Amino acid sequence: MKKKSLQSRIFLIGAVFVSLVAIIIGISFYFIVSDAVEQQVGERALSIAKTTAERPDILAGFQSENPTEILQPIATVIKEKTGAEYVVIGNEEGIRYAHPVSERLGKKMVGDDNEQALIHGKSYISEATGTLGKALRGKAPVIDENGQIIGIISVGFLKDNIATIFSQYINNIAYIVLIAILLGIIGSSILARNIKKELFNLEPSEIANLFTERNALIESVREAIITVDANGVIRMVNNAAYEILSLPTYTELIGRNIWDVIPNTSLPQVMESGEGQLDRPMEIRGKKAIVNRIPIRVGDKIVGAVSSFRLQSDFDRLAEELSQVKQYTEALRAQTHEYNNSLYTISGLIQLQSYEEALELIHIETAEHQSLIQFMTKRLQDPFLGGIVIGFFNRAKELKVRFILDEDSNLERLPKHLQKNLLVSIIGNLVTNAFEAVDNLPEEQRIVRILVVETEEEIVIEVEDSGEGIADNLFGRVLLEKISTKSENDRGYGLLKVQENVSDLGGVIAIESGDLGGALFIVSIPKGGYLYDRAN
C-alpha cells in the first residue's frame, strides 16, 4: 500500500485534531450551558417562591376560613405570568391549598422535600419528582406576622421543559462546532501546503536521504567546512576541519561561537556585507590556509555563512608536483627534439652518401652523451637530481644556450627527509629564469652555469647567467615582491616561490652579481632539514 504524502498526512492529522477539539469544546460548552440554565431556572423558581410567600394577599388567604378559595386564583395568575409549570401552596402540614390540577387540592404534597421549609424555615432549590413529573423546584416558607411558619410555596419547572430549552442551545452549538471544523479543515489544508512548500516539496524520506547524502558528501571532501548561523554559532563542521584545527574529533564544536574556535575569522564581515570571499590567505592556529567564505541566503535574508579552507601547504605540494611533472615533461620534450634533429641530420648525410660525416656525427653525439652521463654519474649520483640536470642540458641545446655544470659540483645522494619536489621547484625556477635572462643575447653570449655541491652540514646550489643582471635597487625586493624584468603581466611569481621553498627547507638564499655579468643566486639548504635548523 502506497504511503500517504507528507501534505496529506499533515492535512488529515490537522483536520482530525481540530475536529476533535471542536467537538470536545462543543460538548463541554453544552454541559456548561445546561448547568447554567438549570441554575438560572432554579434561582428563578426560588425567587418566585420567595416573592409569593411574602405577599400580603397570600398571608391573608392563609388566615381566611377557606384558604383554597383565595389562594388558588392567586397561584394560577402567578403561574401564567412567570411561565412556571406549577405554583403549589400548602399549609404547615403540606396539605395543598392551591394546585394547577383542582382534583389534587386538599391532598398532601408529593416529593418529601418540604422539611427544610416547614421545619427549619429555609428557602431552597430542590430537584424531585412530583405528581406532574420530575421537576426543578424553588421552595419558600410562608411566615406570619408572629414569625410562625404557616405554610409553604413551591414553584416548579419540569425537567422536560428545561431539556427543550437545552435543545435550542444544542442547535446553536452544533452550528458553531461545524463552522470550527470547516475552518480547521481549511486551515489544515493551507498549513499542509505551506509546510510542503517550506520543505521544497520534499517528503520526509527524501529529506532524510538528502541529509545522509549531504553528510557523506561533506565528509568525503578534503577541505575543512564550517557553517554558522546569523549569530556566529557553529551549526556544522566536518572531520577535515578538526584535523586542520588540530582538535580531537570528540571536541564538541557545534553550538560554540565561531570566535571561540577561530578568533580571527572574517565570517561576521561576510554576513554583514553579503559578499563572498574566495581564495583568501589566512593563518589558522599558526597554519597558513586558503579560505573561501560564502553567505547563506534564504530569499533576500542572510541566515548564516559557510567557510571552507585548506592548508597552504596542500596547494603548494600540488603546485610543486605539477611543476616537477612540467619540468620532466619539458626535459623529455627538449631531449626528443634534440635527438630528432640529430636523426634528421644523420638521415640526410646517409642519403647524400656522406657516410664518414654521418659516422663522425654519431660518434660526436655518442661521446658527448656518454661524457655527460659519466660526469653526472660520478658527480651527481642522486638519480632524481641528475635527471633534472640532464633535462636542462637538452633544453639548453634547444634554446641555443651554453649550459655549464660546474666541474666542482658534487652530490652523492639527497637526504631522505628532504622534500625533493621543493628542491626541483627551486632549481627549475632559477634555471628557467636564467634561460629567460639570456634569451635576448647573441647566441655566442648565452651562458648559464649551475653548481650543486654538498658539505657536511649543507647543500649549496648556485645558478648564474650572462644576462643583464638585477638592478641594485631591486636586490632587497626581488625575493619579497612580484617583480619581473619581463613585460608580461602574469610574471614575477617564480622568485617568490623560490623564497618560500627555500624557507620551508630551512635554508637561505642570496643574490649577487656574477662573474658572467648577470645575476648569481646562491641557495644554502641545511642537510638536517628545517626542524634540525630550528632546534639548533
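Scroll up a little and you will see the structure.
In this text the structure is predicted, and so the values were computed from the model without any measurement.

**Q** So what's going on with unusual backbone geometry? Residues and values would help.
**A** Despite not being glycine, Asp 279 has its phi angle at roughly 55°, a positive value. The topology assignment puts Asp 279 in strand β8 (residues 277-284). One non-glycine residue with positive phi stands out, namely Lys 400, at about 60°. Along the chain, Lys 400 turns up in the loop between α12 (383-399) and β11 (402-405).

**Q** Give me the sheet that holds strand β14 (residues 508-513): which residues, what numbers.
**A** With mixed pairing, five strands are arranged side by side in an open sheet as β11-β12-β13-β15-β14. Edge positions in the sheet fall to β11 and β14, since each has one partner strand and no second. On average, adjacent strands in this sheet sit at an angle of 15° to one another, irrespective of strand direction. In terms of strand pairing, β11 meets strand β12 (residues 447-454) through four bridges, oriented parallel. Opposite Leu 405, over in β12, you have Ile 450 as the bridge partner. Packing against the sheet, α12 makes contact with β11 and β12, and its axis sits at approximately 155° to β11. Of the strands in this sheet, β11, β12, β13 (458-465) and β15 (519-526) touch helix α13 (residues 420-437), which is tilted by about 15° from β13.

**Q** Which residues make up helix α3 (residues 67-82), and what values do they have?
**A** Between its first and last C-alpha atoms α3 spans 22 Å; for 16 residues at 1.5 Å apiece the expected length is 22 Å, and the two agree. Burial in α3 covers these residues: Pro 67, Leu 71, Gln 72, Ile 74, Ala 75, Ile 78 and Thr 82. Buried residues along α3 sit against α1 (6-53), α2 (56-63), β1 (86-91), β2 (96-98) and β5 (149-158). Residue Gly 83 follows α3 closely and has a positive phi angle near 80°.

Reading the values: the criteria
Residues numbered from 1 in each chain as written. Predicted model: local features only at pLDDT ≥ 70, side-chain atom pairs only at ≥ 80, totals over all residues. Heavy atoms only, no water. Helix = DSSP H or I, 4+ residues; strand = E, 2+ residues; numbered from the N terminus. Pairing = 2+ DSSP bridges. Axes fitted to C-alpha atoms, helices over the stretch in contact; angles between N-to-C directions. Contact = heavy atoms within 4.5 Å. Expected span 1.5 Å × (residues − 1). Buried < 20%, exposed > 50% of the residue type's maximum accessible area, 1.4 Å probe, protein only.

Keep in mind that these numbers describe shape and distance, not what the molecule does.
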